[in-house]
Amino acid sequence: MMMLKKLWTAPIHFYRKFISPIKPPTCRFYPSCSQYALEAVEKHGVVKGTGLSVKRISKCHPFHPGGVDHVPEK
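Attention here is on the structure that accompanies the text. (Residues numbered from 1 in each chain as written. Predicted model: local features only at pLDDT ≥ 70, side-chain atom pairs only at ≥ 80, totals over all residues. Heavy atoms only, no water.)

**Here's the deal with a nonpolar patch on the surface**
Consideration 1: On the surface, a cluster of nonpolar side chains totalling about 380 Å² of accessible area is made up of Phe 14, Tyr 15, Phe 18 and Ile 19.
Consideration 2: Given a relative accessible area of 49%, Phe 18 falls into the partly exposed group. (Patch = residues over 30% accessible without salt bridge, like charges linked within 9 Å, V, L, I, M, F, W, Y side chains within 5 Å. Areas by Shrake-Rupley, 256 points an atom, 1.4 Å probe, with all protein chains shown as cover. Salt bridge = Lys/Arg side-chain N within 4 Å of Asp/Glu carboxyl O. Buried < 20%, exposed > 50% of the residue type's maximum accessible area, 1.4 Å probe, protein only.)

Here is the structure:
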């Protein structure tokens, strides 16, 4: 199970290390969507964590106010 989480989160870690630093900060949420995704998978597992992450990313548009949005507890 731990191996699946590492495999699933590897692209997020890659994004945070290599792509995010070259882009200007534009996230309208705290924590950032990538941090949220990592926390969601850690707290809820791959399936539910991915679902929560997709839901969060779908809110990332100019018509949503953003703000503080923590991963819900189990």
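**What about the environment of Gly 51?**
Consideration 1: Structurally, Gly 51 can be placed in helix α2 (residues 33-58).
Consideration 2: Considered as a pair, Gly 51 and Leu 4 are 47 residues apart in the sequence and their alpha carbons are 16 Å apart. (Helix = DSSP H or I, 4+ residues; strand = E, 2+ residues; numbered from the N terminus.)

**Considering the side chain of Ser 34**
Consideration 1: Checked against the element boundaries, Ser 34 lands in helix α2.
Consideration 2: Ignoring sequence-local partners within four residues, the contact set of Ser 34 consists of Ile 12, Tyr 15 and Arg 16. (Contact = heavy atoms within 4.5 Å.)

**Points about the side chain of His 44**
Consideration 1: Its place among the elements puts His 44 in helix α2.
Consideration 2: In this structure His 44 touches Gly 49, Leu 52, Val 71, Pro 72, Glu 73 and Lys 74, once residues within four positions along its chain are discounted.

**Side note on helix α1 (residues 2-19)**
Consideration 1: The terminal C-alpha atoms of α1 lie 25 Å apart, and with 18 residues this matches the ideal 26 Å at 1.5 Å per residue to within 8%.
Consideration 2: The axis of α1 is deflected most strongly, by about 40 degrees, at Thr 9, and proline Pro 11 appears within four residues downstream.
Consideration 3: Restricting attention to buried positions, one finds in α1 the residues Lys 5, Thr 9 and Ile 12.
Consideration 4: Contacts made by the buried residues of α1 are with α2. (Expected span 1.5 Å × (residues − 1). Bend = angle between axes of the 7 residues up to and from the residue.)

**With respect to the layout of surface pockets**
Consideration 1: For the largest pocket, the calculated volume is near 470 Å³.
Consideration 2: Lining the largest pocket are 21 residues; nearest its centre among them are Tyr 15, Cys 27, Ser 32, Cys 33 and Ser 34.
Consideration 3: Of all the secondary structure elements, the ones that give two or more residues to the lining of the largest pocket are α1 and α2.
Consideration 4: Element by element, the count of residues in the lining of the largest pocket is highest for α2, at 8 residues. (1 Å grid on protein atoms, 1.4 Å probe; cavity = no way out; pocket = protein on both sides within 12 Å on 5 of 7 lines; lining within 4 Å. Points joined across faces, edges and corners; volume = space filled by probe spheres on them.)

**Let's talk about the packing of α1 against α2**
Consideration 1: Packing of α1 against α2 leaves a shortest axis separation of 10 Å and a crossing angle of 160 degrees. When the axis of α1 is compared with that of α2, the two are roughly antiparallel. Handedness of the α1/α2 crossing: right-handed. Contacts between α1 and α2 pair Leu 4, Lys 5, Trp 8, Thr 9, Ile 12, His 13, Tyr 15 and Arg 16 from the former with Ser 34, Gln 35, Ala 37, Leu 38, Val 41, Glu 42, Gly 45, Val 46 and Thr 50 from the latter. (Axes fitted to C-alpha atoms, helices over the stretch in contact; angles between N-to-C directions. Parallel < 35°, antiparallel > 145°, perpendicular 65-115°, else oblique. Left-handed = near helix turned anticlockwise from the far one by under 90°.)

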